[in-house]
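Residue strings, one per chain:
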Amino acid sequence: MLAQLADVHFAYPGTEIFEGVSFQVNPGDRLGLVGPNGAGKSTLLRLLAGELQPDGGQVIRARGKTLAYMHQSQEFHGHGTLWDTLLEPFAELLQMRQDLQDLEHQISDAGASPPEALLQRYGALQERYTRQDGYHLEVRAKQLAADLGFSEADLHRSVETLSGGERGRVELAKAVLLQPDLLLLDEPTNHLDVE
């Protein structure tokens with residue numbers, strides 16, 4: 001089980017959105033949520049993502065599993081270049097890389113016998129960085145951008161110049177790059193296939 005709603009109730013002031021909703025998402029499931037505008041599809045996804053809390057019932061997310069939520073394209077989150085925006089969710093990983101480089105300089109400056117504590121700190125950080133796939137981040141980001149129709153030159157464009165459709169593809173790329181166990185897509189596009 002990746003996520004579960006158990007007898008969930010939710011309302012906005014003066015408007016009951018749903019009552020008694022229960023379902024479960026298991027590894028390997030591909031589910032589609034279909035309904036008219038205003039039926040609560042985005043609200044349900046926000047509950048699953050933990051952005052909203054239910055008025056009643058429980059939302060359970062599996063411990064140790066990751067989740068990414070791609071908001072609707074009009075909810076674009078980005079600044080700077082397309083490349084900056086793609087890497088935005090990885091600020092912690094990029095900081096780890098900078099910390100590794102700083103430690104490498106400290107080790108080099110220490111000469112032939114750097115302090116053991118410094119070497120241990122470097123080793124622990126490098127192991128964590130490797131486990132989080134830091135060495136392959138840019139390669140994965142460039143490949144995914146290309147798969148979604150962005151050229152190498154597009155990576156240097158300001159996100160202010162992107163069309164609505166392009167912004168939607170950027171949000172999709174950011175979510176997929178996280179390699180989550182559960183990926184929630186809120187109206188991504190009508191041209192998506194499983195690949």
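Anyway, here's the lowdown on the structure attached to this text.

Calculation rules
Residues numbered from 1 in each chain as written. Predicted model: local features only at pLDDT ≥ 70, side-chain atom pairs only at ≥ 80, totals over all residues. Heavy atoms only, no water. Axes fitted to C-alpha atoms, helices over the stretch in contact; angles between N-to-C directions. Helix = DSSP H or I, 4+ residues; strand = E, 2+ residues; numbered from the N terminus. Left-handed = near helix turned anticlockwise from the far one by under 90°. Contact = heavy atoms within 4.5 Å. Nonpolar A, V, L, I, M, F, W, Y, C, P; charged D, E, K, R; others polar. Salt bridge = Lys/Arg side-chain N within 4 Å of Asp/Glu carboxyl O. Buried < 20%, exposed > 50% of the residue type's maximum accessible area, 1.4 Å probe, protein only. Phe/Tyr/Trp six-rings, centres within 6.5 Å; stacked < 30°, edge-to-face > 60°. Patch = residues over 30% accessible without salt bridge, like charges linked within 9 Å, V, L, I, M, F, W, Y side chains within 5 Å. Areas by Shrake-Rupley, 256 points an atom, 1.4 Å probe, with all protein chains shown as cover.

Let's shift gears to the packing of helix 5 (residues 137-147) against helix 6 (residues 164-177). Any two packed helices are characterised by the angle at which their axes cross and by the distance between the axes. In contact at an axis separation of 10 Å, helix 5 and helix 6 are set at 140° when each is read in the N-to-C sense. Helix-helix and strand crossings are classified by hand; for helix 5 and helix 6 the assignment is right-handed. Seen from helix 5, the contacting residues are R140, A141 and L144; seen from helix 6, they are A173, V176 and L177. Its residues placed into classes, the contact of helix 5 with helix 6 shows five nonpolar, no polar and one charged.

Per the stated rule, a full pass over the model turns up ten salt bridges. Where R131 meets E127, a salt bridge forms, and the shortest distance between an N and an O atom there is 2.5 Å. Here R131 and its partner E127 are both found in helix 4 (residues 116-131), four residues apart, which amounts to about one turn of the helix. For R131, a relative accessible area of 55% gives the class exposed. When its relative accessible area of 43% is taken as the criterion, E127 is described as partly exposed. For K174, the salt bridge is made with E171, and the minimal N-O distance between the two is 3.1 Å. Taken together, the residues K174 and E171, both in helix 6 and three residues apart, mark about one turn of the helix. Each of E88, E171 and K174 takes part in one network of salt bridges that share partners.

Attention shifts here to the packing of aromatic side chains. Counted under the stated rule, the structure contains three aromatic pairs. Here the aromatic rings of F10 and Y12 are separated by 4.9 Å at their centres, their planes lie at 85°, and the arrangement is edge-to-face. Aromatic side chains Y129 and Y135 sit 4.8 Å apart centroid to centroid with 85° between the ring planes, which places their arrangement in the edge-to-face category. A relative accessible area of 44% places Y135 in the partly exposed class.

This next bit is on a nonpolar patch on the surface. Together, V176, L183 and L185 make up a nonpolar patch on the protein surface, roughly 180 Å² of accessible area in all. Considering the arrangement of structural elements, one finds L185 in strand 5 (residues 182-185). L185 sits in the partly exposed class, given a relative accessible area of 30%.

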